[in-house]
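Next come the chains, spelled out residue by residue.
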Amino acid sequence: MFLKVLIVFIVIVIIILVLFYMMRRRADKLIEALEIRKKVLFDRPVIDKLNSVKKIALSGETKEAFEGERQRWEHLIDKNLPKVEELLHEMEQDNEMFRITSVKPTALETERLLDSMEKEIDTITKNLDRLTKHHAEVERSLEEADDKLIESRKVLLTQAYTFGSQIERLESEEKRLREEITQANEQYNMGDFLEYYRNKDTIEAHITSLETQIKEIPPLLQKLNHELPNEFVQLSRGYNGMKAQGYSLNLINCDQAIESFKEELKGVESLVSSGDNQEATLEIERITEKVNSLYDQLEAEAVARQFVENEQLETEHQLKMEQDAVEMLYSEAKTVSEKYELSEETAAKPASMRKNLKRAEQNYEQAKIAFSEGTVDHSSIAELIVALQETIAENKVLQQEYSEQLKKIRKDELAAKAKANSYIDRLLKLESYIQRCRIPGVPTDLKESIEEAYISVGSLNASLEETPINVSAMNSLWNEAANRVDGVESGIYEMVENARLVEGVIQYANRYRFKNQELAMQLQVAEGYYDDEHDYNKALEIAAKSLEKVEAGAVKRVEEQLANTNYHY
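S.K.: What should I look at first to understand the packing of helix 12 (residues 471–509) against helix 15 (residues 554–565) in this one?
M.R.: Axis angle and axis distance: for two packed helices, these are the angle between their axes and the distance between the axes, and together they describe the pair. Here helix 12 crosses helix 15 at 120 degrees, and the two axes come no closer than 10 Å. Accordingly, the angle class assigned to the pair helix 12 and helix 15 is oblique. Crossing angle aside, the handedness with which helix 12 passes helix 15 is right-handed. Facing helix 12, whose interface residues are Arg500, Leu501, Gly504, Val505 and Tyr508, helix 15 presents Ala554, Arg557, Val558, Glu559, Leu562 and Thr565. In terms of residue class, the contact of helix 12 with helix 15 is made up of 6 nonpolar, 2 polar and 3 charged.

Structure representation (C-alpha coordinates):
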(Lines give C-alpha, C1' and ligand atoms only; values in the text may rest on other atoms or scores of the structure.)
Protein backbone atom coordinates (compact mmCIF):
# COMPACT_ATOMS: atom_id res chain seq x y z
CA MET A 1 0.00 0.00 0.00
CA PHE A 2 2.79 2.40 0.88
CA LEU A 3 4.47 1.58 -2.38
CA LYS A 4 1.34 2.53 -4.35
CA VAL A 5 1.01 5.82 -2.51
CA LEU A 6 4.65 6.54 -3.14
CA ILE A 7 4.31 5.83 -6.84
CA VAL A 8 1.24 8.07 -7.10
CA PHE A 9 3.09 10.84 -5.25
CA ILE A 10 6.10 10.54 -7.53
CA VAL A 11 3.87 10.65 -10.61
CA ILE A 12 2.08 13.78 -9.33
CA VAL A 13 5.41 15.46 -8.59
CA ILE A 14 6.67 14.60 -12.07
CA ILE A 15 3.49 16.00 -13.65
CA ILE A 16 3.81 19.21 -11.60
CA LEU A 17 7.47 19.56 -12.60
CA VAL A 18 6.60 19.03 -16.26
CA LEU A 19 3.83 21.62 -16.05
CA PHE A 20 6.14 24.13 -14.39
CA TYR A 21 8.78 23.41 -17.03
CA MET A 22 6.32 23.99 -19.85
CA MET A 23 5.03 27.20 -18.28
CA ARG A 24 8.61 28.42 -17.83
CA ARG A 25 9.42 27.62 -21.46
CA ARG A 26 6.35 29.54 -22.58
CA ALA A 27 7.39 32.50 -20.42
CA ASP A 28 10.90 32.32 -21.89
CA LYS A 29 9.46 32.55 -25.40
CA LEU A 30 7.26 35.49 -24.41
CA ILE A 31 10.22 37.35 -22.89
CA GLU A 32 12.31 36.55 -25.96
CA ALA A 33 9.57 37.89 -28.30
CA LEU A 34 9.36 41.14 -26.31
CA GLU A 35 13.14 41.48 -26.42
CA ILE A 36 13.12 41.03 -30.20
CA ARG A 37 10.31 43.57 -30.58
CA LYS A 38 12.22 46.08 -28.45
CA LYS A 39 15.37 45.54 -30.50
CA VAL A 40 13.52 45.88 -33.84
CA LEU A 41 11.79 49.01 -32.60
CA PHE A 42 14.96 50.77 -31.54
CA ASP A 43 16.90 49.56 -34.58
CA ARG A 44 14.70 51.73 -36.81
CA PRO A 45 16.71 54.49 -38.51
CA VAL A 46 15.37 57.32 -36.39
CA ILE A 47 18.89 58.45 -35.45
CA ASP A 48 19.89 58.49 -39.14
CA LYS A 49 16.84 60.59 -40.00
CA LEU A 50 17.59 63.01 -37.15
CA ASN A 51 21.19 63.36 -38.29
CA SER A 52 20.05 63.83 -41.91
CA VAL A 53 17.71 66.67 -40.94
CA LYS A 54 20.29 68.09 -38.53
CA LYS A 55 22.73 68.55 -41.42
CA ILE A 56 20.38 71.24 -42.78
CA ALA A 57 21.33 74.62 -41.32
CA LEU A 58 18.17 74.87 -39.25
CA SER A 59 16.69 78.05 -37.92
CA GLY A 60 13.40 79.68 -37.02
CA GLU A 61 10.21 77.63 -37.28
CA THR A 62 11.98 74.73 -38.99
CA LYS A 63 14.45 74.43 -36.10
CA GLU A 64 11.62 74.46 -33.60
CA ALA A 65 9.91 71.61 -35.44
CA PHE A 66 13.15 69.59 -35.54
CA GLU A 67 13.91 70.18 -31.86
CA GLY A 68 10.45 69.00 -30.94
CA GLU A 69 10.99 65.65 -32.71
CA ARG A 70 14.50 65.26 -31.23
CA GLN A 71 13.19 65.83 -27.70
CA ARG A 72 10.46 63.27 -28.22
CA TRP A 73 13.10 60.73 -29.31
CA GLU A 74 15.34 61.51 -26.34
CA HIS A 75 12.36 61.07 -24.03
CA LEU A 76 11.86 57.59 -25.46
CA ILE A 77 15.53 56.74 -24.95
CA ASP A 78 15.87 58.28 -21.50
CA LYS A 79 12.49 57.39 -19.97
CA ASN A 80 10.62 54.70 -21.87
CA LEU A 81 13.52 52.43 -22.89
CA PRO A 82 14.89 51.99 -19.31
CA LYS A 83 11.36 51.23 -18.15
CA VAL A 84 11.07 48.47 -20.79
CA GLU A 85 14.47 47.07 -19.76
CA GLU A 86 13.37 47.06 -16.13
CA LEU A 87 10.13 45.22 -16.94
CA LEU A 88 11.96 42.61 -19.03
CA HIS A 89 14.48 42.03 -16.21
CA GLU A 90 11.65 41.67 -13.71
CA MET A 91 9.99 39.03 -15.91
CA GLU A 92 13.25 37.08 -16.18
CA GLN A 93 13.66 37.09 -12.37
CA ASP A 94 10.07 35.97 -11.82
CA ASN A 95 10.50 33.19 -14.35
CA GLU A 96 13.73 31.93 -12.76
CA MET A 97 12.08 31.90 -9.35
CA PHE A 98 9.09 30.06 -10.80
CA ARG A 99 6.78 33.03 -10.08
CA ILE A 100 4.99 32.21 -13.31
CA THR A 101 1.75 34.00 -12.44
CA SER A 102 3.60 37.33 -12.17
CA VAL A 103 5.08 37.09 -15.64
CA LYS A 104 1.89 37.60 -17.63
CA PRO A 105 0.73 40.92 -16.06
CA THR A 106 4.25 42.31 -16.50
CA ALA A 107 4.28 41.14 -20.12
CA LEU A 108 0.97 42.91 -20.78
CA GLU A 109 2.31 46.15 -19.30
CA THR A 110 5.45 45.80 -21.42
CA GLU A 111 3.40 45.28 -24.59
CA ARG A 112 1.31 48.38 -23.86
CA LEU A 113 4.44 50.42 -23.35
CA LEU A 114 6.00 49.07 -26.57
CA ASP A 115 2.79 49.86 -28.48
CA SER A 116 2.90 53.44 -27.20
CA MET A 117 6.58 53.74 -28.09
CA GLU A 118 5.95 52.33 -31.58
CA LYS A 119 3.26 54.91 -32.26
CA GLU A 120 5.55 57.65 -31.00
CA ILE A 121 8.40 56.45 -33.22
CA ASP A 122 6.04 56.27 -36.21
CA THR A 123 5.03 59.89 -35.58
CA ILE A 124 8.64 61.04 -35.22
CA THR A 125 9.66 59.20 -38.42
CA LYS A 126 6.72 60.62 -40.33
CA ASN A 127 7.42 64.18 -39.20
CA LEU A 128 11.14 63.90 -40.01
CA ASP A 129 10.30 62.49 -43.46
CA ARG A 130 7.90 65.38 -43.96
CA LEU A 131 10.62 67.90 -43.09
CA THR A 132 12.99 66.25 -45.55
CA LYS A 133 10.34 66.17 -48.26
CA HIS A 134 9.36 69.81 -47.66
CA HIS A 135 13.00 70.82 -47.84
CA ALA A 136 13.39 69.12 -51.24
CA GLU A 137 10.12 70.58 -52.57
CA VAL A 138 11.04 74.08 -51.44
CA GLU A 139 14.46 73.75 -53.04
CA ARG A 140 12.93 72.65 -56.35
CA SER A 141 10.20 75.31 -56.19
CA LEU A 142 12.68 78.11 -55.52
CA GLU A 143 14.89 77.01 -58.40
CA GLU A 144 11.93 76.87 -60.81
CA ALA A 145 10.56 80.20 -59.57
CA ASP A 146 13.97 81.84 -59.99
CA ASP A 147 14.28 80.50 -63.56
CA LYS A 148 10.76 81.66 -64.48
CA LEU A 149 11.29 85.14 -63.06
CA ILE A 150 14.61 85.47 -64.90
CA GLU A 151 12.87 84.52 -68.18
CA SER A 152 9.97 86.89 -67.47
CA ARG A 153 12.37 89.72 -66.71
CA LYS A 154 14.23 89.03 -69.94
CA VAL A 155 11.02 89.24 -71.99
CA LEU A 156 9.91 92.43 -70.25
CA LEU A 157 13.29 94.07 -70.97
CA THR A 158 13.68 92.96 -74.59
CA GLN A 159 10.04 93.33 -75.69
CA ALA A 160 8.87 96.22 -73.52
CA TYR A 161 7.31 97.99 -76.53
CA THR A 162 4.81 95.17 -77.05
CA PHE A 163 3.26 95.67 -73.59
CA GLY A 164 2.33 99.34 -74.03
CA SER A 165 0.98 100.94 -70.88
CA GLN A 166 0.92 97.55 -69.10
CA ILE A 167 4.73 97.36 -68.84
CA GLU A 168 4.88 99.23 -65.52
CA ARG A 169 2.26 96.99 -63.89
CA LEU A 170 3.98 93.84 -65.09
CA GLU A 171 7.44 95.05 -64.02
CA SER A 172 6.06 95.96 -60.60
CA GLU A 173 4.52 92.49 -60.22
CA GLU A 174 7.78 90.83 -61.36
CA LYS A 175 9.76 92.92 -58.85
CA ARG A 176 7.41 92.02 -55.99
CA LEU A 177 7.62 88.31 -56.75
CA ARG A 178 11.41 88.46 -57.08
CA GLU A 179 11.65 90.06 -53.64
CA GLU A 180 9.49 87.30 -52.16
CA ILE A 181 11.64 84.60 -53.80
CA THR A 182 14.88 86.32 -52.68
CA GLN A 183 13.62 86.45 -49.11
CA ALA A 184 12.51 82.82 -49.29
CA ASN A 185 15.93 81.81 -50.63
CA GLU A 186 17.65 83.55 -47.71
CA GLN A 187 15.39 81.79 -45.22
CA TYR A 188 15.95 78.49 -47.02
CA ASN A 189 19.71 78.88 -46.89
CA MET A 190 19.44 79.57 -43.17
CA GLY A 191 17.36 76.41 -42.73
CA ASP A 192 13.94 78.00 -42.24
CA PHE A 193 11.75 76.86 -45.13
CA LEU A 194 8.37 75.94 -43.58
CA GLU A 195 6.88 79.42 -43.96
CA TYR A 196 7.63 79.42 -47.71
CA TYR A 197 6.28 75.89 -48.02
CA ARG A 198 2.89 77.03 -46.67
CA ASN A 199 2.80 79.93 -49.17
CA LYS A 200 4.41 77.98 -52.03
CA ASP A 201 1.21 77.28 -53.99
CA THR A 202 0.07 80.90 -53.82
CA ILE A 203 3.45 82.28 -54.93
CA GLU A 204 3.70 79.72 -57.75
CA ALA A 205 0.19 80.68 -58.90
CA HIS A 206 1.20 84.37 -58.98
CA ILE A 207 4.31 83.54 -61.03
CA THR A 208 2.18 81.44 -63.43
CA SER A 209 -0.28 84.32 -63.71
CA LEU A 210 2.59 86.70 -64.54
CA GLU A 211 3.85 84.30 -67.23
CA THR A 212 0.35 84.00 -68.68
CA GLN A 213 -0.10 87.77 -68.81
CA ILE A 214 3.31 88.26 -70.43
CA LYS A 215 2.23 85.72 -73.05
CA GLU A 216 -1.33 87.00 -73.60
CA ILE A 217 -1.06 90.78 -73.33
CA PRO A 218 1.00 91.48 -76.53
CA PRO A 219 -1.49 89.80 -78.90
CA LEU A 220 -4.39 91.40 -76.99
CA LEU A 221 -2.84 94.84 -77.35
CA GLN A 222 -2.09 94.09 -81.01
CA LYS A 223 -5.79 93.48 -81.59
CA LEU A 224 -6.83 96.43 -79.44
CA ASN A 225 -4.43 99.03 -80.85
CA HIS A 226 -3.94 97.89 -84.44
CA GLU A 227 -6.02 95.06 -85.89
CA LEU A 228 -9.49 96.11 -84.77
CA PRO A 229 -8.99 99.85 -85.51
CA ASN A 230 -7.76 98.88 -89.00
CA GLU A 231 -10.86 96.67 -89.38
CA PHE A 232 -13.03 99.63 -88.45
CA VAL A 233 -11.34 101.78 -91.10
CA GLN A 234 -11.74 99.12 -93.79
CA LEU A 235 -15.38 98.53 -92.83
CA SER A 236 -16.14 102.26 -92.97
CA ARG A 237 -14.51 102.57 -96.38
CA GLY A 238 -16.45 99.63 -97.76
CA TYR A 239 -19.71 100.93 -96.33
CA ASN A 240 -19.29 104.46 -97.71
CA GLY A 241 -18.09 103.06 -101.04
CA MET A 242 -21.27 100.98 -101.41
CA LYS A 243 -23.42 104.00 -100.56
CA ALA A 244 -21.58 105.98 -103.24
CA GLN A 245 -22.42 103.21 -105.75
CA GLY A 246 -26.13 103.61 -105.07
CA TYR A 247 -26.75 100.92 -102.45
CA SER A 248 -29.55 101.98 -100.14
CA LEU A 249 -28.19 100.32 -96.95
CA ASN A 250 -31.20 101.66 -95.09
CA LEU A 251 -31.02 99.00 -92.38
CA ILE A 252 -27.22 98.94 -91.95
CA ASN A 253 -25.57 101.82 -90.05
CA CYS A 254 -21.88 100.98 -89.97
CA ASP A 255 -20.70 104.41 -88.79
CA GLN A 256 -22.86 104.24 -85.67
CA ALA A 257 -21.81 100.63 -85.02
CA ILE A 258 -18.10 101.53 -85.35
CA GLU A 259 -18.44 104.31 -82.78
CA SER A 260 -20.09 101.83 -80.44
CA PHE A 261 -17.23 99.37 -81.00
CA LYS A 262 -14.66 102.02 -80.11
CA GLU A 263 -16.41 102.64 -76.80
CA GLU A 264 -16.44 98.91 -76.11
CA LEU A 265 -12.68 98.74 -76.77
CA LYS A 266 -12.12 101.18 -73.93
CA GLY A 267 -13.80 98.73 -71.61
CA VAL A 268 -11.54 95.97 -72.96
CA GLU A 269 -8.47 98.10 -72.17
CA SER A 270 -9.69 98.37 -68.56
CA LEU A 271 -9.99 94.57 -68.37
CA VAL A 272 -6.42 94.17 -69.64
CA SER A 273 -5.16 96.73 -67.11
CA SER A 274 -6.82 94.77 -64.30
CA GLY A 275 -5.26 91.54 -65.53
CA ASP A 276 -8.56 89.94 -66.58
CA ASN A 277 -7.18 88.72 -69.89
CA GLN A 278 -9.71 85.92 -70.29
CA GLU A 279 -12.68 88.29 -70.14
CA ALA A 280 -10.83 90.76 -72.39
CA THR A 281 -10.28 87.99 -74.96
CA LEU A 282 -13.98 87.10 -74.89
CA GLU A 283 -14.94 90.75 -75.42
CA ILE A 284 -12.54 91.09 -78.37
CA GLU A 285 -14.01 87.92 -79.92
CA ARG A 286 -17.52 89.32 -79.46
CA ILE A 287 -16.58 92.63 -81.12
CA THR A 288 -14.85 90.75 -83.94
CA GLU A 289 -18.01 88.68 -84.50
CA LYS A 290 -20.06 91.87 -84.73
CA VAL A 291 -17.62 93.33 -87.28
CA ASN A 292 -17.77 90.14 -89.33
CA SER A 293 -21.57 90.22 -89.12
CA LEU A 294 -21.57 93.73 -90.64
CA TYR A 295 -19.27 92.51 -93.42
CA ASP A 296 -21.70 89.63 -94.04
CA GLN A 297 -24.64 92.05 -94.19
CA LEU A 298 -22.84 94.29 -96.71
CA GLU A 299 -21.91 91.28 -98.82
CA ALA A 300 -25.48 89.95 -98.64
CA GLU A 301 -26.78 93.35 -99.74
CA ALA A 302 -24.43 93.36 -102.76
CA VAL A 303 -25.55 89.84 -103.74
CA ALA A 304 -29.21 90.79 -103.16
CA ARG A 305 -28.94 93.84 -105.42
CA GLN A 306 -27.47 91.76 -108.25
CA PHE A 307 -30.16 89.13 -107.74
CA VAL A 308 -32.93 91.76 -107.86
CA GLU A 309 -31.53 93.33 -111.02
CA ASN A 310 -31.31 89.90 -112.73
CA GLU A 311 -34.61 88.41 -111.54
CA GLN A 312 -37.07 91.25 -110.95
CA LEU A 313 -38.42 91.80 -114.49
CA GLU A 314 -38.54 88.11 -115.36
CA THR A 315 -40.35 87.29 -112.11
CA GLU A 316 -42.92 90.03 -112.69
CA HIS A 317 -43.45 88.66 -116.21
CA GLN A 318 -43.88 85.11 -114.88
CA LEU A 319 -46.36 86.42 -112.29
CA LYS A 320 -48.46 88.10 -115.02
CA MET A 321 -48.44 84.90 -117.14
CA GLU A 322 -49.42 82.75 -114.18
CA GLN A 323 -52.22 85.11 -113.23
CA ASP A 324 -53.56 84.93 -116.81
CA ALA A 325 -53.30 81.13 -116.75
CA VAL A 326 -55.22 80.96 -113.46
CA GLU A 327 -57.93 83.23 -114.85
CA MET A 328 -58.30 80.92 -117.85
CA LEU A 329 -58.43 77.93 -115.52
CA TYR A 330 -61.03 79.75 -113.40
CA SER A 331 -63.20 80.25 -116.51
CA GLU A 332 -62.71 76.61 -117.54
CA ALA A 333 -63.67 75.43 -114.06
CA LYS A 334 -66.79 77.60 -114.20
CA THR A 335 -67.78 76.00 -117.54
CA VAL A 336 -67.15 72.51 -116.17
CA SER A 337 -69.17 73.24 -113.04
CA GLU A 338 -72.19 74.00 -115.24
CA LYS A 339 -72.19 70.39 -116.51
CA TYR A 340 -70.68 68.61 -113.50
CA GLU A 341 -71.51 69.00 -109.84
CA LEU A 342 -68.03 69.32 -108.29
CA SER A 343 -67.10 68.92 -104.63
CA GLU A 344 -66.63 72.11 -102.62
CA GLU A 345 -62.88 71.49 -102.37
CA THR A 346 -62.50 70.95 -106.12
CA ALA A 347 -64.67 73.95 -107.01
CA ALA A 348 -62.72 76.24 -104.64
CA LYS A 349 -59.21 75.44 -105.96
CA PRO A 350 -59.07 78.09 -108.77
CA ALA A 351 -60.18 80.83 -106.37
CA SER A 352 -57.58 79.67 -103.83
CA MET A 353 -54.80 79.77 -106.45
CA ARG A 354 -55.88 83.24 -107.54
CA LYS A 355 -55.91 84.39 -103.90
CA ASN A 356 -52.39 83.04 -103.24
CA LEU A 357 -51.00 84.87 -106.27
CA LYS A 358 -52.75 88.07 -105.25
CA ARG A 359 -51.37 87.91 -101.72
CA ALA A 360 -47.82 87.31 -102.96
CA GLU A 361 -48.16 90.18 -105.44
CA GLN A 362 -49.40 92.56 -102.73
CA ASN A 363 -46.48 91.70 -100.42
CA TYR A 364 -44.06 92.29 -103.26
CA GLU A 365 -45.63 95.64 -104.24
CA GLN A 366 -45.63 96.82 -100.62
CA ALA A 367 -41.92 95.98 -100.36
CA LYS A 368 -41.21 97.95 -103.54
CA ILE A 369 -42.98 100.97 -102.06
CA ALA A 370 -41.04 100.57 -98.79
CA PHE A 371 -37.77 100.35 -100.76
CA SER A 372 -38.57 103.57 -102.61
CA GLU A 373 -39.24 105.21 -99.24
CA GLY A 374 -35.90 103.97 -97.89
CA THR A 375 -37.27 101.70 -95.15
CA VAL A 376 -36.03 98.37 -96.58
CA ASP A 377 -32.93 97.19 -98.49
CA HIS A 378 -32.34 95.02 -101.53
CA SER A 379 -32.12 92.01 -99.20
CA SER A 380 -35.80 92.37 -98.28
CA ILE A 381 -36.80 92.75 -101.93
CA ALA A 382 -34.71 89.68 -102.84
CA GLU A 383 -36.41 87.59 -100.15
CA LEU A 384 -39.85 88.56 -101.46
CA ILE A 385 -38.81 87.81 -105.07
CA VAL A 386 -37.70 84.33 -103.95
CA ALA A 387 -41.00 83.87 -102.10
CA LEU A 388 -42.90 85.07 -105.18
CA GLN A 389 -40.97 82.63 -107.41
CA GLU A 390 -41.81 79.79 -105.05
CA THR A 391 -45.50 80.77 -105.04
CA ILE A 392 -45.53 80.88 -108.87
CA ALA A 393 -43.83 77.46 -109.05
CA GLU A 394 -46.26 75.93 -106.54
CA ASN A 395 -49.19 77.50 -108.39
CA LYS A 396 -48.03 76.01 -111.69
CA VAL A 397 -48.01 72.55 -110.17
CA LEU A 398 -51.48 73.06 -108.67
CA GLN A 399 -52.76 74.47 -111.98
CA GLN A 400 -51.46 71.45 -113.90
CA GLU A 401 -52.94 69.03 -111.38
CA TYR A 402 -56.30 70.83 -111.47
CA SER A 403 -56.37 70.87 -115.27
CA GLU A 404 -55.69 67.13 -115.29
CA GLN A 405 -58.45 66.66 -112.74
CA LEU A 406 -60.98 68.44 -115.00
CA LYS A 407 -59.90 66.34 -117.98
CA LYS A 408 -60.30 63.20 -115.89
CA ILE A 409 -63.87 64.19 -114.98
CA ARG A 410 -64.78 64.36 -118.68
CA LYS A 411 -63.02 61.07 -119.39
CA ASP A 412 -64.75 59.44 -116.43
CA GLU A 413 -68.17 60.47 -117.79
CA LEU A 414 -67.45 58.84 -121.18
CA ALA A 415 -65.94 55.78 -119.51
CA ALA A 416 -68.98 55.46 -117.21
CA LYS A 417 -71.35 55.58 -120.16
CA ALA A 418 -69.34 52.93 -121.98
CA LYS A 419 -69.21 50.78 -118.86
CA ALA A 420 -72.96 51.08 -118.26
CA ASN A 421 -73.60 49.78 -121.80
CA SER A 422 -71.08 46.98 -121.30
CA TYR A 423 -72.78 45.98 -118.01
CA ILE A 424 -76.18 45.69 -119.77
CA ASP A 425 -74.57 43.62 -122.52
CA ARG A 426 -72.93 41.31 -119.95
CA LEU A 427 -76.20 40.79 -118.07
CA LEU A 428 -78.05 39.93 -121.31
CA LYS A 429 -75.33 37.46 -122.30
CA LEU A 430 -75.47 35.88 -118.82
CA GLU A 431 -79.26 35.40 -119.12
CA SER A 432 -78.76 33.83 -122.58
CA TYR A 433 -76.09 31.59 -121.06
CA ILE A 434 -78.53 30.36 -118.40
CA GLN A 435 -81.07 29.47 -121.07
CA ARG A 436 -78.49 27.56 -123.11
CA CYS A 437 -77.50 25.55 -120.06
CA ARG A 438 -81.05 24.05 -119.88
CA ILE A 439 -81.10 23.94 -116.10
CA PRO A 440 -84.46 23.60 -114.32
CA GLY A 441 -84.39 27.17 -113.06
CA VAL A 442 -82.56 29.96 -111.22
CA PRO A 443 -82.45 30.25 -107.40
CA THR A 444 -84.50 33.08 -105.92
CA ASP A 445 -81.50 34.87 -104.36
CA LEU A 446 -79.64 34.86 -107.68
CA LYS A 447 -82.74 36.21 -109.48
CA GLU A 448 -82.81 39.05 -106.95
CA SER A 449 -79.11 39.72 -107.51
CA ILE A 450 -79.69 39.94 -111.27
CA GLU A 451 -82.57 42.35 -110.76
CA GLU A 452 -80.45 44.51 -108.40
CA ALA A 453 -77.66 44.57 -110.97
CA TYR A 454 -80.07 45.90 -113.62
CA ILE A 455 -81.29 48.53 -111.15
CA SER A 456 -77.71 49.63 -110.33
CA VAL A 457 -76.84 50.00 -114.01
CA GLY A 458 -80.07 51.94 -114.53
CA SER A 459 -79.17 54.28 -111.64
CA LEU A 460 -75.73 54.85 -113.19
CA ASN A 461 -77.34 55.75 -116.55
CA ALA A 462 -79.79 58.04 -114.79
CA SER A 463 -76.95 59.89 -112.98
CA LEU A 464 -75.25 60.45 -116.34
CA GLU A 465 -78.40 62.10 -117.69
CA GLU A 466 -78.61 64.62 -114.82
CA THR A 467 -77.57 68.26 -115.27
CA PRO A 468 -75.17 68.99 -113.71
CA ILE A 469 -73.72 65.53 -113.26
CA ASN A 470 -72.88 64.73 -109.65
CA VAL A 471 -69.34 63.38 -110.15
CA SER A 472 -69.11 61.89 -106.67
CA ALA A 473 -72.48 60.13 -107.01
CA MET A 474 -71.55 58.95 -110.54
CA ASN A 475 -68.34 57.33 -109.28
CA SER A 476 -70.16 55.71 -106.37
CA LEU A 477 -72.91 54.25 -108.63
CA TRP A 478 -70.26 53.13 -111.11
CA ASN A 479 -68.45 51.14 -108.41
CA GLU A 480 -71.75 49.70 -107.14
CA ALA A 481 -72.84 48.58 -110.64
CA ALA A 482 -69.45 47.00 -111.34
CA ASN A 483 -69.52 45.05 -108.07
CA ARG A 484 -73.10 43.81 -108.62
CA VAL A 485 -72.51 42.70 -112.23
CA ASP A 486 -69.29 40.93 -111.20
CA GLY A 487 -71.14 39.23 -108.35
CA VAL A 488 -73.97 38.09 -110.66
CA GLU A 489 -71.51 36.72 -113.19
CA SER A 490 -69.56 34.67 -110.62
CA GLY A 491 -72.83 33.46 -109.04
CA ILE A 492 -74.24 32.25 -112.37
CA TYR A 493 -71.09 30.36 -113.30
CA GLU A 494 -70.94 28.77 -109.86
CA MET A 495 -74.67 27.80 -110.12
CA VAL A 496 -74.15 26.15 -113.53
CA GLU A 497 -71.09 24.24 -112.36
CA ASN A 498 -72.95 22.94 -109.29
CA ALA A 499 -75.94 21.91 -111.46
CA ARG A 500 -73.65 19.95 -113.80
CA LEU A 501 -71.97 18.26 -110.87
CA VAL A 502 -75.34 17.31 -109.29
CA GLU A 503 -76.46 15.77 -112.60
CA GLY A 504 -73.19 13.82 -112.84
CA VAL A 505 -73.34 12.56 -109.26
CA ILE A 506 -77.00 11.44 -109.61
CA GLN A 507 -76.31 9.72 -112.92
CA TYR A 508 -73.30 7.93 -111.40
CA ALA A 509 -75.30 6.94 -108.30
CA ASN A 510 -78.15 5.47 -110.38
CA ARG A 511 -76.14 2.25 -110.67
CA TYR A 512 -76.72 1.70 -106.92
CA ARG A 513 -80.28 3.07 -106.78
CA PHE A 514 -82.07 -0.29 -106.99
CA LYS A 515 -79.61 -2.07 -104.71
CA ASN A 516 -79.54 0.51 -101.92
CA GLN A 517 -82.85 1.76 -100.65
CA GLU A 518 -81.38 4.45 -98.43
CA LEU A 519 -79.34 5.87 -101.33
CA ALA A 520 -82.45 5.84 -103.54
CA MET A 521 -84.37 7.84 -100.98
CA GLN A 522 -81.58 10.43 -100.58
CA LEU A 523 -81.24 10.76 -104.36
CA GLN A 524 -84.96 11.41 -104.55
CA VAL A 525 -84.60 14.21 -101.97
CA ALA A 526 -81.66 15.68 -103.90
CA GLU A 527 -83.67 15.57 -107.14
CA GLY A 528 -86.45 17.47 -105.36
CA TYR A 529 -84.04 20.27 -104.45
CA TYR A 530 -82.66 20.20 -107.99
CA ASP A 531 -85.94 20.20 -109.98
CA ASP A 532 -88.37 22.01 -107.71
CA GLU A 533 -86.42 24.46 -105.50
CA HIS A 534 -83.42 24.93 -107.84
CA ASP A 535 -81.15 24.75 -104.77
CA TYR A 536 -78.21 23.12 -106.50
CA ASN A 537 -75.88 23.54 -103.54
CA LYS A 538 -78.22 21.61 -101.22
CA ALA A 539 -78.90 18.98 -103.87
CA LEU A 540 -75.17 18.48 -104.41
CA GLU A 541 -74.58 18.20 -100.67
CA ILE A 542 -77.20 15.46 -100.19
CA ALA A 543 -76.33 13.47 -103.34
CA ALA A 544 -72.56 13.60 -102.77
CA LYS A 545 -72.83 12.59 -99.13
CA SER A 546 -75.07 9.61 -99.96
CA LEU A 547 -72.83 8.42 -102.83
CA GLU A 548 -69.68 8.65 -100.72
CA LYS A 549 -71.24 6.31 -98.15
CA VAL A 550 -71.70 3.72 -100.84
CA GLU A 551 -68.51 4.32 -102.80
CA ALA A 552 -65.76 6.40 -101.27
CA GLY A 553 -64.04 8.77 -103.75
CA ALA A 554 -66.85 8.54 -106.27
CA VAL A 555 -67.57 12.30 -106.22
CA LYS A 556 -63.96 13.10 -107.06
CA ARG A 557 -64.08 10.67 -109.99
CA VAL A 558 -67.23 12.36 -111.26
CA GLU A 559 -65.53 15.75 -111.06
CA GLU A 560 -62.57 14.42 -113.03
CA GLN A 561 -64.84 12.94 -115.68
CA LEU A 562 -66.69 16.24 -116.08
CA ALA A 563 -63.38 18.10 -116.35
CA ASN A 564 -62.15 15.68 -119.02
CA THR A 565 -65.32 15.96 -121.10
CA ASN A 566 -64.41 19.65 -121.71
CA TYR A 567 -68.12 20.34 -121.97
CA HIS A 568 -69.24 23.94 -122.55
CA TYR A 569 -72.73 25.34 -122.73
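Text resumes after the structure shown.
S.K.: What am I meant to see in the packing of aromatic side chains here?
M.R.: Enumeration according to the criterion identifies 2 aromatic pairs in this entry. Ring centres 5.2 Å apart and planes at 65 degrees place the aromatic pair Tyr433 and Tyr493 in the edge-to-face group. With Tyr433 in helix 10 (residues 378–437) and Tyr493 in helix 12, this residue pair connects regions lying 60 residues apart in the sequence. The class for Tyr493 is partly exposed, based on a relative accessible area of 39%. Relative to Tyr536, the ring of Tyr530 lies with its centre 5.2 Å away and its plane at 70 degrees, an arrangement referred to as edge-to-face. The pair formed by Tyr530 and Tyr536 is uniform in burial state, with each residue classed as buried. Over the ring of Tyr508 we find Arg511; its NZ or CZ atom is 3.8 Å from the centre of that ring.

S.K.: Would you mind showing me how to read the pattern of salt bridges here?
M.R.: Close approach of charged atoms lets side chains of opposite charge pair. By the definition in use, this model includes 19 salt bridges. A salt bridge links Arg178 to Glu174, with the shortest nitrogen-to-oxygen separation between them at 3.2 Å. Here Glu174 and Arg178 lie together in helix 5 (residues 167–189), a separation of 4 residues that amounts to about one turn. A residue is classified by how much of its surface remains accessible, and Arg178, at 27% relative accessible area, is partly exposed. For the salt bridge of Asp486 with Arg426, the shortest nitrogen-to-oxygen distance reads 2.9 Å.

S.K.: Any chance you could explain the environment of Glu480 here in plain terms?
M.R.: Take Glu480: it is sitting in helix 12. Glu480 sits 20 residues away from Leu460 along the chain, and the two C-alpha atoms are 8.9 Å apart.

About the cut-offs
- Residues numbered from 1 in each chain as written.
- Predicted model: local features only at pLDDT ≥ 70, side-chain atom pairs only at ≥ 80, totals over all residues.
- Heavy atoms only, no water.
- Axes fitted to C-alpha atoms, helices over the stretch in contact; angles between N-to-C directions.
- Helix = DSSP H or I, 4+ residues; strand = E, 2+ residues; numbered from the N terminus.
- Parallel < 35°, antiparallel > 145°, perpendicular 65-115°, else oblique.
- Left-handed = near helix turned anticlockwise from the far one by under 90°.
- Contact = heavy atoms within 4.5 Å.
- Nonpolar A, V, L, I, M, F, W, Y, C, P; charged D, E, K, R; others polar.
- Phe/Tyr/Trp six-rings, centres within 6.5 Å; stacked < 30°, edge-to-face > 60°.
- Buried < 20%, exposed > 50% of the residue type's maximum accessible area, 1.4 Å probe, protein only.
- Lys NZ or Arg CZ within 6 Å of the ring centre and 35° of its normal.
- Salt bridge = Lys/Arg side-chain N within 4 Å of Asp/Glu carboxyl O.

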